[in-house]
Amino acid sequence: MLPRIKQFFESHFIAESGSSELDSEHALRLAMASLMIEVAESDYENSPAEREALLTIVKQSFDLEEAEANEMIELAQQEHTETTDYFQFTSLINQNYTAAQRIVLIENLWKIAFADKVLDKHEVHVIRRIADLIHVSHSDFLASKLRVQTSAN
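Anyway, here's the lowdown on the structure attached to this text. Nothing here was measured: the structure is a model prediction, and the numbers come from that model. (Residues numbered from 1 in each chain as written. Predicted model: local features only at pLDDT ≥ 70, side-chain atom pairs only at ≥ 80, totals over all residues. Heavy atoms only, no water.)

### Structural notes on the overall build of the protein
(1) Moving on: Scanning the protein from terminus to terminus reveals 8 helices and 0 strands.
(2) Moving on: Helices (α) and strands (β) of the protein occur, in sequence order from the N terminus, as α-α-α-α-α-α-α-α.
(3) Moving on: Within the protein, the fraction of its 153 residues that count as buried is 45%.
(4) Moving on: Here the contacts in the protein between residues at least 6 apart in sequence split such that 72% fall between residues at least 24 apart.
(5) Moving on: When the accessible surface of the protein is split by element, carbon and sulfur atoms take 50% of a total near 8,200 Å². (Helix = DSSP H or I, 4+ residues; strand = E, 2+ residues; numbered from the N terminus. Buried < 20%, exposed > 50% of the residue type's maximum accessible area, 1.4 Å probe, protein only. Contact = heavy atoms within 4.5 Å. Areas by Shrake-Rupley, 256 points an atom, 1.4 Å probe, with all protein chains shown as cover.)

### Considerations on the pattern of salt bridges
(1) Moving on: This model, assessed by the stated rule, comprises 3 salt bridges.
(2) Moving on: Note that Lys 59 is salt-bridged to Glu 66, the shortest N-O span being 3.7 Å.
(3) Moving on: Residue Lys 59 is classed as partly exposed on the basis of its relative accessible area, which comes to 27%.
(4) Moving on: Ionic pairing is found between Arg 147 and Glu 107, a salt bridge with its closest N-O pair at 2.4 Å. Here Arg 147, found in helix α8 (residues 138-152), pairs with Glu 107, found in helix α6 (residues 99-114); they are 40 residues apart in sequence, far enough to count as distant. (Salt bridge = Lys/Arg side-chain N within 4 Å of Asp/Glu carboxyl O.)

### Observations regarding the nonpolar core
The nonpolar side chains of a soluble globular protein tend to be buried, and buried together.
(1) Moving on: The biggest cluster of nonpolar side chains holds 43 residues, and the ones touching the most others in it are Met 36, Val 58, Ile 106, Trp 110 and Ile 130.
(2) Moving on: Where this core is concerned, the elements lending two or more residues are α2 (19-41), α3 (48-62), α4 (66-82), α5 (87-96), α6, α7 (121-133) and α8.
(3) Moving on: Residues within four places of Val 58 in sequence aside, it is in contact with Met 36, Asp 63, Leu 64, Ala 69, Met 72 and Ile 73. (Core = buried A, V, L, I, M, F, W, Y, C linked by side-chain atoms within 4.5 Å.)

### Focus on the environment of Arg 129
(1) Moving on: Looking at the element boundaries, Arg 129 is found in helix α7.
(2) Moving on: On the basis of relative accessible area, Arg 129 is assigned to the partly exposed category, the value being 40%.
(3) Moving on: Separated by 43 residues in sequence, Arg 129 and Tyr 86 have C-alpha atoms that sit 9.1 Å apart.

### Some remarks on α8
Because an α-helix packs 3.6 residues into every turn, residues spaced three or four apart end up facing the same way.
(1) Moving on: The end-to-end C-alpha distance of α8, which contains 15 residues, comes to 21 Å, matching closely the 21 Å that a straight helix rising 1.5 Å per residue would cover.
(2) Moving on: Buried within α8 are the following residues: Phe 141, Ser 144 and Val 148. All buried residues of α8 project into a common sector of 70° when viewed along the axis, lining one side. Exposed residues on α8 whose side chains face more than 90 degrees from its buried face are Ser 139, Leu 146 and Thr 150.
(3) Moving on: Buried residues along α8 sit in contact with α6 and α7. (Expected span 1.5 Å × (residues − 1). Arc of directions from axis to C-beta.)

Structure representation (structure tokens):
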């Protein structure tokens, strides 16, 4: 884990248990934020609406203030840039999240994709790939898409 990332988590979150459990939680949050960035960037556009959705979801998902969420997104962006595949992110999610939590993650990815009112084929591909890697069924993948699409309209 990058030293700056570890420093961020140590300064913003208090560990109630051992350091390794805290490191695992940090890595998990970073993994989710990195996957969210992957979706936001997959259409090769820097959409302000998608960035705002990303910020909102990170704030809500991790109970962060705006400055903390922005810093986390910056750190996740660095991690995302240094990574060549999804495995390091999706394996953490598979090991630590229930099926329901993984579906919530897919819904959040759809929220980012729909934020700019344009669903790009690259966004769909990335979300489908992530859903497959975290073992979200195709029916749950489609149902989460429809829930987000319906609420966005």
